[in-house]
Amino acid sequence: MKIALYPGTFDPITNGHIDILQRAGELFDKIIVTVAINPAKNPLFTVEERIELIKKSLPLPKFEVTSFDGLVVDYAKKTDSIAIIRGLRAVSDFEYEFQMALMNHKLAEDITTVFLMPNEKYTYLNSSIIRSLAQFHADVSEFVPACVQEALKLKFPL
């Protein structure tokens, strides 16, 4: 079984993330979507809320949703993943992601980083933009699953 790991903060998950997951699902037998716990960030949603939103947003037979704290490659080894999925939206993402891929390869030569590009309609989309739009009560329905839209409304009531 070919298992891939898709790490991210997913605060919140967007249609761009889901697009990447659908593409990855065509390449791998199982995808582990894992919420990274990053102490340097101050997330809007708790880890548990993000996990629940991801689960509600995906067809689950091929996908598993977890969280982890630590190095991505260590978690990839622990889960028997052969690949780490990373999304590239724009050229500006490439330099950072390339550095991370090289370091991950140095730490675990048997784990490959696979870069996937989302559909062009999602290339400008990220979770920070979604949070900002939602904070000012903009319509985000085009950019996130319905469950995320509802959760954002609860975080930013009128």
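Scope of this entry: the structure provided in the associated data block. (Residues numbered from 1 in each chain as written. Predicted model: local features only at pLDDT ≥ 70, side-chain atom pairs only at ≥ 80, totals over all residues. Heavy atoms only, no water.)

Remarks on the overall build of the chain
When helices and strands are counted, the chain shows six helices and five strands. Buried residues in the chain amount to 46% of all 158 residues. Taking as baseline every contact in the chain between residues at least 6 positions apart, the subset at least 24 positions apart corresponds to 76%. Each charge class in the chain can be summarised by its mean position, and for the 17 positive and 20 negative side chains these summaries are 2 Å apart. (Helix = DSSP H or I, 4+ residues; strand = E, 2+ residues; numbered from the N terminus. Buried < 20%, exposed > 50% of the residue type's maximum accessible area, 1.4 Å probe, protein only. Contact = heavy atoms within 4.5 Å. Lys, Arg positive; Asp, Glu negative; His and termini not counted. Charge placed at Lys NZ, Arg CZ, Asp CG, Glu CD.)

Quick word on the packing of aromatic side chains
Taken as a whole and assessed by the stated rule, the structure comprises five aromatic pairs. These aromatic residues form a ring-pair network of at least three members: Phe94, Phe98 and Phe115. (Phe/Tyr/Trp six-rings, centres within 6.5 Å; stacked < 30°, edge-to-face > 60°.)

Some thoughts on the packing of helix α2 (residues 47-57) against helix α6 (residues 146-155)
Put simply, α2 and α6 touch, their axes get as near as 9 Å, and they point 150° apart. By the criterion of interaxial angle, the relationship of α2 to α6 is roughly antiparallel. For the pair α2 and α6, the contacting residues are Glu49, Leu53, Lys56 and Ser57 in the first and Cys147, Val148, Ala151 and Lys155 in the second. Considered class by class, the residues forming the contact of α2 with α6 number four nonpolar, one polar and three charged. (Axes fitted to C-alpha atoms, helices over the stretch in contact; angles between N-to-C directions. Parallel < 35°, antiparallel > 145°, perpendicular 65-115°, else oblique. Nonpolar A, V, L, I, M, F, W, Y, C, P; charged D, E, K, R; others polar.)

As for the sheet that holds strand β5 (residues 112-116)
Reading across from one edge, β3-β2-β1-β4-β5 is the order of the five strands in this open sheet, with parallel pairing throughout. Among the strands making up the open sheet, the edge pair consists of β3 (63-68) and β5. Geometrically, the sheet is characterised by an average inter-axis angle of 30° between neighbouring strands, direction not taken into account. For strand β1 (residues 3-8) and strand β4 (residues 83-87), the ladder comprises two bridges, and the chain directions are parallel. In the sheet register, Leu5 faces β4, and the bridge partner there is Ile84. Packed on one face of the sheet, helix α1 (residues 15-25) meets β1, β2 (30-36), β3, β4 and β5 and runs near 150° to β2. (Pairing = 2+ DSSP bridges.)

Notes on the pairing of β1
Counting buried positions along β1 gives six out of six residues, so the element sits mostly inside the fold. Across the two faces of β1 the burial is the same, with Ile3, Leu5 and Pro7 and Ala4, Tyr6 and Gly8 all buried. Sheet topology note: the β1/β2 ladder contains six bridges and is parallel. Across the sheet, residue Leu5 finds its bridge partner in β2, namely Ile32. Chirality of the crossover, the property in question, places the unit of β1, α1 and β2 among those that are right-handed. (Right-handed = clockwise from strand over helix to strand, strands pointing away.)

Here's the deal with the nonpolar core
Counting residues in hydrophobic clusters, the biggest one holds 35 residues, and the most contacted among them are Leu21, Ile31, Val33, Ile54, Ile85 and Leu152. When near neighbours in sequence (up to four residues on either side) are disregarded, Leu21 contacts Tyr6, Ile13, Ile31, Val33, Leu58 and Phe63. (Core = buried A, V, L, I, M, F, W, Y, C linked by side-chain atoms within 4.5 Å.)

Here's the deal with the pattern of salt bridges
Under the definition given, this model contains six salt bridges. Taking the shortest distance from any N to any O, the salt bridge between Glu64 and Lys30 comes out at 2.8 Å. With Glu64 in strand β3 and Lys30 in strand β2, this residue pair connects regions lying 34 residues apart in the sequence. Since its relative accessible area comes to 31%, Glu64 is described here as partly exposed. (Salt bridge = Lys/Arg side-chain N within 4 Å of Asp/Glu carboxyl O.)

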